[in-house]
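# Secondary and tertiary structure notes
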Amino acid sequence: MTNETFEALVQEIREKSLDTLLKKNANYADEDRLHNFKAGAAITGGTPAQAALGYMAKHLASLQDKVRKNDFHDREDLLEKCQDIINYIVFIWCCGNEEREKYAHSVTREE
């Protein structure tokens with residue numbers, strides 16, 4: 001693969017995943033962009049990050065099947081699965097940072 005092709009593919013997945021992340025999540029969440037993961041956590045008895053990881057697992061399982069079968073004929077389906085996995089990683093990153101902020105505030109209050 002040439003550098004140009006590689007860079008174009010990286011740019012494409014980044015643009016698509018960011019577009020989906022900003023538009024789709026805005027439609028599903030209220031003011032709290034992590035609302036769906038917090039609601040999922042309340043239903044399952046886990047944390048928001050665990051809920052996001054669970055949602056991501058469905059896409060990982062599907063991607064695993066594609067890779068195992070070497071079945072990449074449906075480019076749009078591959079793109080969707082990859083961008084959704086990227087976006088769930090972003091949500092886990094945000095959940096972790098929000099959780100970390102709780103610890104930072106509790107340490108400050110204890111001092």
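A brief structural summary. Bear in mind that the values here come from a model prediction, so they are computed numbers and not experimental data.

### Digging into the overall build of the chain
Scanning the chain from terminus to terminus reveals four helices and zero strands. Going from N to C terminus, the chain has its helices and strands arranged as α-α-α-α. Relative to a compact globule of 111 residues, whose C-alpha radius of gyration would be 13 Å, the chain shows 17 Å and is clearly more extended. A total of 111 residues make up the chain; the buried ones form 23% of that total. Surface summary for the chain: the accessible area is close to 8100 Å², and the carbon and sulfur share equals 57%.

### Remarks on helix α3 (residues 48–69)
For α3, which comprises 22 residues, the first-to-last C-alpha distance of 32 Å matches the rise-based estimate of 32 Å (1.5 Å per residue) to within 8%. Taken as a whole, α3 carries its principal kink of about 25° at A57. Looking only at α3, the buried set comprises A51, A52, M56, H59, L63 and K66. N70 lies just past α3 and shows a positive phi near 55°.

### Side note on the packing of aromatic side chains
Per the stated rule, a full pass over the model turns up five aromatic pairs. Look at F37 and Y55: their rings are 5.6 Å apart centre to centre, the planes differ by 40°, and that puts the pair in the tilted class. Of this pair, F37 sits in helix α2 (residues 35–44) while Y55 sits in helix α3, placing them 18 residues apart in sequence. A residue is classified by how much of its surface remains accessible, and Y55, at 31% relative accessible area, is partly exposed. Within the aromatic cluster, the residues linked to one another by ring pairs are F37, Y55, Y88 and F91.

### Observations regarding the nonpolar core
L21, L34, F37, A52, M56, L63, I85, Y88, F91 and C95 together form the largest nonpolar core, which totals ten residues. Sorting elements by how many residues they give to this core places helix α4 (residues 75–110) first, with four residues. Once residues lying within four places of it in the same chain are set aside, the contact partners of L34 are F91, C94, C95 and E98.

Basis of the calculations
- Residues numbered from 1 in each chain as written.
- Predicted model: local features only at pLDDT ≥ 70, side-chain atom pairs only at ≥ 80, totals over all residues.
- Heavy atoms only, no water.
- Helix = DSSP H or I, 4+ residues; strand = E, 2+ residues; numbered from the N terminus.
- Rg over C-alpha atoms; globule rule 2.2 N^0.38 Å.
- Buried < 20%, exposed > 50% of the residue type's maximum accessible area, 1.4 Å probe, protein only.
- Areas by Shrake-Rupley, 256 points an atom, 1.4 Å probe, with all protein chains shown as cover.
- Expected span 1.5 Å × (residues − 1).
- Bend = angle between axes of the 7 residues up to and from the residue.
- Phe/Tyr/Trp six-rings, centres within 6.5 Å; stacked < 30°, edge-to-face > 60°.
- Core = buried A, V, L, I, M, F, W, Y, C linked by side-chain atoms within 4.5 Å.
- Contact = heavy atoms within 4.5 Å.

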